[in-house]
Amino acid sequence: MEFRNRQVKYRGFISYRRFVSCRRSIALLLGAIFAAAMLFGLAGCGAKRPVRREATFLRLFDTKTTIIAYMDDEEEFAWYAQMIYDSLEEYHRLFDIYNSYEGISNLKTVNDMAGKAPVKVDRRIIDLLKYAKEWYEKTDGEINVAFGAVLRIWHDYRERGMEDPDAAGLPPLEALREAAEHTDINKVIIDEEASTVFLEDPGMSLDVGAIAKGYAVEQVSRMAAEKGFTSGLISVGGNVRAVGSKDGSGTPWNVGIQNPDPGNGNAMLHVLDVTDASVVTSGIYERYYTVDGKNYHHIIDPDTLFPSEEYKSVSIVCKDSGMADALSTAIFNMSFEEGMVFIESIPDTEAVWVLSSGELKYSSHFRDYIRK
Ligand code: ADP
Ligand code: MG
């Protein structure tokens, strides 16, 4: 674990000149009044600004985690950062579909037991899957955590294609179609009382990549806030959750949205002012491979079984980072018109689309968030 602290220097600097004259006592008195005023003024302005502290970790959710807060006490910050990390790590292990961990049943266990038997799991897995089912319904199936069979094929082709670009190829449509036969989310059987999950179809598997990071960040940020972390930023691979404001007086956090097309010189598409809200982006630049000069990214449209080609990125701003994550992936698989209607139907939720042409589209109140 690595901590980086940037000391914020006090801006005020007190100086006074010595007066040497025959009216020395008057001058000294004036000097004393002046110095006192300076000191008083300094204290009144709250010159002691808290230190910006930042911790980064590289092991969770296959991406970079950053925790930022303005806090005087370094140890206090380290304690919060460690607590947030530990909690995120628990989610990471529970939601992992590629690795097993001693002593826990995670989503890999559930996948391994598909068609065989229900698996007793932690409540956090049950809650995530219930949440995922909700969003499947709301988005008309555009995000489907039971889409693992199809996503696994793309994942394998992508990994091979990235390793050896000359041998990169596309999955045969037949194989994708066959896999798509095993993606029925209604066959994810959740028994809340027994706390078990059972995949009824032996050919199916779960992949929670579209929602797990945002969901975990949301749960952890709420827990941290309850424990006193009432002002901070938690970012897991660009899933950013602002907790409270930057300081006690309501100054918003600034969160940048990466430009998916930095060719024009701007690394950031926009910098937003956010207070107690999330900013989450899905983009084609995150994970992709190239076949015959064309890039194939990692968000797969359930209708075509191929990466959606409409956008370079979609970013969502709303309070809940689980919802922002679900939405950013789902909107990617909707036409702009559909996505706009959908976003406008959800209160306090805004989006910016970067179309494949490079054109930008905004929901009605997105611009309110752009840094003034
Ligand atoms: P990232 O996690 O890279 O920031 P997203 O939140 O958009 O980006 O999630 C992309 C991930 O979601 C993919 O890597 C894959 O695991 C999963 N995924 C892709 N397409 C779908 C889909 N149609 N339904 C559900 N999950 C998907
Ligand atoms: Mg997402």
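Structure: see above.
Here the structure is a predicted model, which means the values were calculated and not measured.

Draft legend 1. Main features of the overall build of the protein. Scanning the protein from terminus to terminus reveals nine helices and 16 strands. When burial is assessed residue by residue, the protein has 47% of its 372 residues classed as buried. At a minimum sequence separation of 6, the contacts of the protein that also span at least 24 residues come to 62%. Surface exposure of the protein reaches about 19300 Å², of which carbon and sulfur atoms provide 51%.

Draft legend 2. Examining the packing of helix 7 (residues 212–226) against helix 8 (residues 321–332) more closely. Viewed as axis vectors pointing N to C, helix 7 and helix 8 meet at an angle of 170°, and their least axial separation amounts to 7 Å. The angle between the axes of helix 7 and helix 8 places the two elements in the roughly antiparallel class. In this structure, helix 7 uses Ala212, Lys213, Gly214, Tyr215, Val217 and Glu218 to contact helix 8, whose residues at the interface are Ser321, Gly322 and Asp325. Split into classes, the residues belonging to the contact of helix 7 with helix 8 amount to three nonpolar, three polar and three charged.

Draft legend 3. Representation of the coordination of the magnesium ion (ligand 2) in the model. Here the magnesium ion (ligand 2) is held by the protein donor atoms Ala210 (O), Asp325 (O), Asp325 (OD) and Thr329 (OG1), which lie 2.0 to 2.4 Å from it. When the donors of the magnesium ion (ligand 2) are listed by position in the chain, the intervening gaps give A-x114-D-x3-T. Within this pair, Asp325 and its partner Thr329 are both found in helix 8, separated by four residues, close to a single helical turn. Across the pair, exposure class does not vary: Asp325 and Thr329 are buried alike.

Draft legend 4. Representation of the pairing of strand 11 (residues 278–283). Where burial is concerned, most of strand 11 is hidden: six out of the six residues are buried. With burial as the criterion, each face of strand 11 is covered, one bearing Ser278, Val280 and Ser282 and the other bearing Val279, Thr281 and Gly283. Alignment of strand 8 (residues 239–243) against strand 11, held across two bridges, turns out to be antiparallel. Paired with Val240 across the bridge in strand 11 is Val279.

Draft legend 5. Spotlight on unusual backbone geometry. A positive phi is found at Asp292, a non-glycine position, where the angle reads about 50°. Position of Asp292 relative to the elements: it lies in the loop between strand 12 (288–291) and strand 13 (294–297). Phi at Leu305 takes a positive value of approximately 65°, unusual for a residue other than glycine. Within the secondary structure layout, Leu305 lies in the loop between strand 13 and strand 14 (311–318).

Draft legend 6. Representation of the site of ligand 1 in the model. Surveying the vicinity of ligand 1 reveals 18 residues, the closest of which are Ser282, Glu286, His298, Ile300 and Thr329. Within the backbone of Glu142, an N or O atom sits 3.1 Å from a nitrogen atom of ligand 1. Between ligand 1 and the protein, one listed contact pairs an oxygen atom with a side-chain N or O atom of Ser282 at 2.6 Å. For ligand 1, whose accessible area on its own is 570 Å², the fraction buried by protein is 94%.

Draft legend 7. How the structure looks around the nonpolar core. In this structure, Phe95 and Leu107 are the most contacted members of the largest nonpolar core, which totals 71 residues. Examining the composition of this core, we find that 10 residues originate from one element, helix 2 (residues 74–95), more than from any other. Beyond its immediate stretch of four places on either side in the chain, Phe95 contacts Leu107, Arg124, Ile125, Leu128, Val208, Ala212 and Tyr215. Counting 16 residues, the second largest nonpolar core, distinct from the first, contains Val240, Ala242, Ile257 and Leu272.

Draft legend 8. Highlighting the packing of aromatic side chains. The full count for this structure, using the stated rule, is 14 aromatic pairs. With centroids separated by 5.6 Å and ring planes inclined at 65°, the aromatic side chains of Tyr91 and Phe95 adopt a geometry described as edge-to-face. Of this pair, Tyr91 and Phe95 both sit in helix 2, four residues apart, which is roughly one turn of the helix. One exposure class covers both Tyr91 and Phe95, and it is buried. Taking the ring centre of Tyr91 as reference, the NZ or CZ of Arg124 above it sits at 5.5 Å. The cationic tip of Arg160 hangs over the ring face of Tyr157; the distance from NZ or CZ to the ring centre is 5.0 Å.

Draft legend 9. Representation of the pairing of strand 14 in the model. With eight of eight residues buried, strand 14 lies mostly within the body of the structure. The pairing of strand 11 with strand 14 spans six bridges and is classified as antiparallel. Within strand 14, the position partnered with Ser278 by the bridge is Cys318. Examined bridge by bridge, strand 14 and strand 15 (residues 350–355) share six bridges and lie antiparallel to one another. Note that in strand 15 the partner of Ser313 across the bridge is Val354.

Definitions and cut-offs
- Residues numbered from 1 in each chain as written.
- Chains lettered and ligands numbered in written order.
- Predicted model: local features only at pLDDT ≥ 70, side-chain atom pairs only at ≥ 80, totals over all residues.
- Heavy atoms only, no water.
- Helix = DSSP H or I, 4+ residues; strand = E, 2+ residues; numbered from the N terminus.
- Buried < 20%, exposed > 50% of the residue type's maximum accessible area, 1.4 Å probe, protein only.
- Contact = heavy atoms within 4.5 Å.
- Areas by Shrake-Rupley, 256 points an atom, 1.4 Å probe, with all protein chains shown as cover.
- Axes fitted to C-alpha atoms, helices over the stretch in contact; angles between N-to-C directions.
- Parallel < 35°, antiparallel > 145°, perpendicular 65-115°, else oblique.
- Nonpolar A, V, L, I, M, F, W, Y, C, P; charged D, E, K, R; others polar.
- Donors = N, O, S within 2.8 Å, 3.2 Å for Na, K, Ca; no water.
- Pairing = 2+ DSSP bridges.
- Near = heavy atom within 4 Å.
- Polar contact = N/O pair within 3.5 Å; in protein donor to acceptor, adjacent residues only side chain to side chain.
- Core = buried A, V, L, I, M, F, W, Y, C linked by side-chain atoms within 4.5 Å.
- Phe/Tyr/Trp six-rings, centres within 6.5 Å; stacked < 30°, edge-to-face > 60°.
- Lys NZ or Arg CZ within 6 Å of the ring centre and 35° of its normal.

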